Amino acid sequence: MELKTVLTIGGSDSSGGAGIQGDIKTLLANGVYAMSAITTLTAQNTTGFRAYMDVTADFLGNQIDMVFEDIPPVAVKIGTIPTRDLIITVAERLKSYGAKIVVADPVTIANDGTKLIEADAVGLYAEQIFPLSNLITLGLKELEIFSGDKVSNRQEVSDAAKKISEKYSCAVLAKGSGDENDASEFLANGQDARWFRGKKVDTKNTHGAGTALSSAIAANLAKGLNLIQSIDEAKKYLTGALSSGLTLGKGVGPIDHGWNLK
């Protein structure tokens, strides 16, 4: 049996809802073998952050090297990279190993407002990582940060996504439409720009939803689906994870990553 492999590069979430832990659960649930390289350790739960500790560039580089040297990933998913040195390390390694499928999900701000990337590293993330990516998935906060434009409705969402896509020559998936009662995403990909319609799930337990969407897309791309199919299937998976009724923690609880394995 050939099992496709995916490497996730990003921050750890001690509560298991998002970050590396959420990625690994999502990748397993979507039928691929997950590997990881951790950029930063966090002490967090469903109510917020308490502390974080970044790894060194050398250590991050060694993690990536050990994966590629032994079990080369078919696809790479990238999440939070908090510092300039770590961003440069990731970019250099991806170029060196000729990574073919890369999905970047640059989470810059946590739900409680904690900044997950240094201010002087935001622009470098775009310059170094975006051009290496097949797809960038951006929440509305990140859409504003990387486009430099205000985003509050469907037209502004699509305009900002197209602007970033054209600038960095990669596909951009905007995670959200600006309407709280809508669960649609907009894909900017040259002539293949389109909305992916979705039904809003009535739940407060959404921790890790954005991470899961990008990881599921990476898994689907690794399995050979095209971009449109990968997004469609990832949205179906995420809807199930939000709809299962899992309730954990005192704050914004995690999605049910393994709902389809029960």
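The preceding data block contains the structure.
None of these values were measured; they are calculated from a predicted model.

Cut-offs applied
- Every chain is numbered independently, its residues counted from 1 as its sequence is written.
- Residue-level local features of this predicted model are given only where pLDDT is at least 70; pairs of side-chain atoms are given and counted only at 80 or more, and the full residue set underlies all totals for whole chains, interfaces and linings.
- To get the side-chain values, take all heavy atoms of the structure and skip hydrogens and water.
- Note on conventions: DSSP H or I runs of at least 4 residues are helices, E runs of at least 2 residues are strands, and numbering of each starts at the N terminus.
- The globule rule used here is 2.2 Å times the number of residues to the 0.38 power, and the radius of gyration it is set against is calculated over C-alpha atoms.
- Only protein chains enter the accessibility calculation, which uses a 1.4 Å probe. A residue is then buried if its area is under 20% of the maximum for its type, exposed if over 50%, and partly exposed in between.
- For this analysis, residues touch if any pair of their heavy atoms sits within 4.5 Å.
- Each accessible area is a Shrake-Rupley estimate made with a 1.4 Å probe; only the visible protein chains count as cover when residues are assessed.
- Here the positive residues are Lys and Arg and the negative ones are Asp and Glu; neither His nor the chain ends is included.
- One atom stands in for each charge, and that atom is NZ of Lys, CZ of Arg, CG of Asp or CD of Glu.
- Two strands are said to pair when DSSP picks up at least two bridges between them.
- As a rule, the C-alpha atoms of each element are fitted with a line to give its axis, helices using only the stretch in contact, and angles between N-to-C directions run from 0 to 180 degrees.
- We call a crossover right-handed when, viewed with the strands running away from us, the connection from the first strand over the helix to the second turns clockwise.
- For Phe, Tyr and Trp, where Trp contributes only its six-membered ring, two rings pair if their centres lie within 6.5 Å, and the inter-plane angle classes them as stacked under 30 degrees, edge-to-face over 60, or tilted in between.
- A positively charged side chain is recorded as over a ring if its NZ (Lys) or CZ (Arg) lies within 6 Å of the ring centre. The angle to the ring normal must also be within 35 degrees.
- As used here, the term nonpolar core means buried Ala, Val, Leu, Ile, Met, Phe, Trp, Tyr and Cys residues forming a set that is joined through side-chain atoms within 4.5 Å.
- Each angle receives one of four descriptions, namely roughly parallel if under 35 degrees, roughly antiparallel if over 145, roughly perpendicular if within 65 to 115, and oblique otherwise.
- Working rule for handedness: look at the near helix, and if it is turned counterclockwise from the far one by less than a right angle, call the crossing left-handed; if clockwise, right-handed.
- Each residue is assigned to one class: nonpolar for Ala, Val, Leu, Ile, Met, Phe, Trp, Tyr, Cys and Pro, charged for Asp, Glu, Lys and Arg, and polar for all the others, Gly among them.

For the overall build of the protein, give the residues involved together with the corresponding values.
Scanning the protein from terminus to terminus reveals 8 helices and 9 strands. On C-alpha atoms alone, the protein measures out to a radius of gyration of 17 Å, which is about the 18 Å that the 2.2 N^0.38 rule sets for 262 residues. Considered along the principal axes of its C-alpha atoms, the protein spans approximately 45 × 40 × 40 Å. In the protein, which comprises 262 residues, the proportion classed as buried is 53%. The long-range fraction of contacts in the protein, counting pairs at least 24 apart against all pairs at least 6 apart in sequence, stands at 68%. Of the accessible surface of the protein, which amounts to about 11,900 Å², a share of 51% is contributed by carbon and sulfur atoms. Taken together, the 26 basic and 30 acidic charged side chains of the protein have centroids lying 5 Å from each other.

I'd like to hear about the sheet that holds strand β2 (residues 33-45), residue by residue, with values.
The 9 strands lie next to each other as β3-β2-β1-β4-β5-β6-β7-β8-β9, forming an open sheet whose pairing is mixed. Edge positions in the open sheet fall to β3 (48-54) and β9 (194-196), since each of these has one partner strand only. Averaged over all pairs of adjacent strands, the angle between their axes in this sheet comes to 25°, without regard to strand direction. Where strand β1 (residues 5-11) meets β2, 7 bridges bridge the pair, whose relative direction is parallel. The residue of β2 that forms the bridge with Gly10 is Ile38. Where helix α7 (residues 209-222) meets the sheet, its contacts fall on β1, β4 (75-78), β5 (101-104), β6 (135-139), β7 (171-175) and β8 (185-188), and the angle it forms with β4 comes to roughly 170°.

Could you give me a rundown of the pairing of β5, with the residues and numbers involved?
Side chains Ile101 and Val103 project from β5 onto one buried face, and the interleaved Val102 and Ala104 project onto a second face that is buried too. One crossover worth recording links β4 to the parallel β5 by way of helix α3 (residues 84-97), and it is right-handed. As judged from the 2 bridges shared by β5 and β6, these two strands associate in the parallel manner. If you follow Val103 over to β6, its bridge partner there is Leu135.

Help me get a handle on the packing of aromatic side chains, residues and values and all.
All chains considered together, the criterion is met by 6 aromatic pairs. Seen in terms of ring centroids, Phe68 and Tyr97 are 4.5 Å apart; in terms of plane orientation they differ by 10°. Their pairing is stacked. Taken together, the residues span a long stretch of sequence, with Phe68 in helix α2 (residues 57-70) and Tyr97 in helix α3 at a distance of 29 residues. Look at Tyr97 and you get partly exposed, because its relative accessible area is 29%. In this structure an aromatic cluster arises from ring pairing among Tyr125, Phe130, Phe146 and Tyr168. Note that Arg154 overlies the ring of Trp195, its terminal NZ or CZ placed 4.0 Å from the centroid.

Account for the nonpolar core, with residues named and values stated.
Soluble globular proteins tend to bury their nonpolar side chains together. In terms of nonpolar packing, the biggest core is built from 43 residues, with Ile78, Val90, Tyr125, Ile129 and Leu143 touching the most fellow members. If sequence neighbours within four positions are ignored, Ile78 has contacts with Ile9, Val90, Leu94, Val102, Val103, Ala104, Asp105, Tyr125 and Ile129. Residues Ile101, Ile217, Ala218 and Ile228 belong to the second largest nonpolar core, which totals 31 residues.

Which residues make up the packing of helix α5 (residues 140-147) against helix α6 (residues 154-168), and what values do they have?
For any two helices packed against each other, one specifies the crossing angle of their axes together with the interaxial distance. Between α5 and α6, whose axes approach to 9 Å, the crossing angle comes to 50°. For the element pair α5 / α6, the angle class is oblique. Pair α5 / α6 crosses with left-handed handedness. Contacts between α5 and α6 involve Leu140, Leu143, Phe146 and Ser147 from the former and Val157, Ala160, Ala161, Lys163 and Ile164 from the latter. Split into classes, the residues belonging to the contact of α5 with α6 amount to 7 nonpolar, 1 polar and 1 charged.

Taken by themselves, the reported measurements are silent on function.
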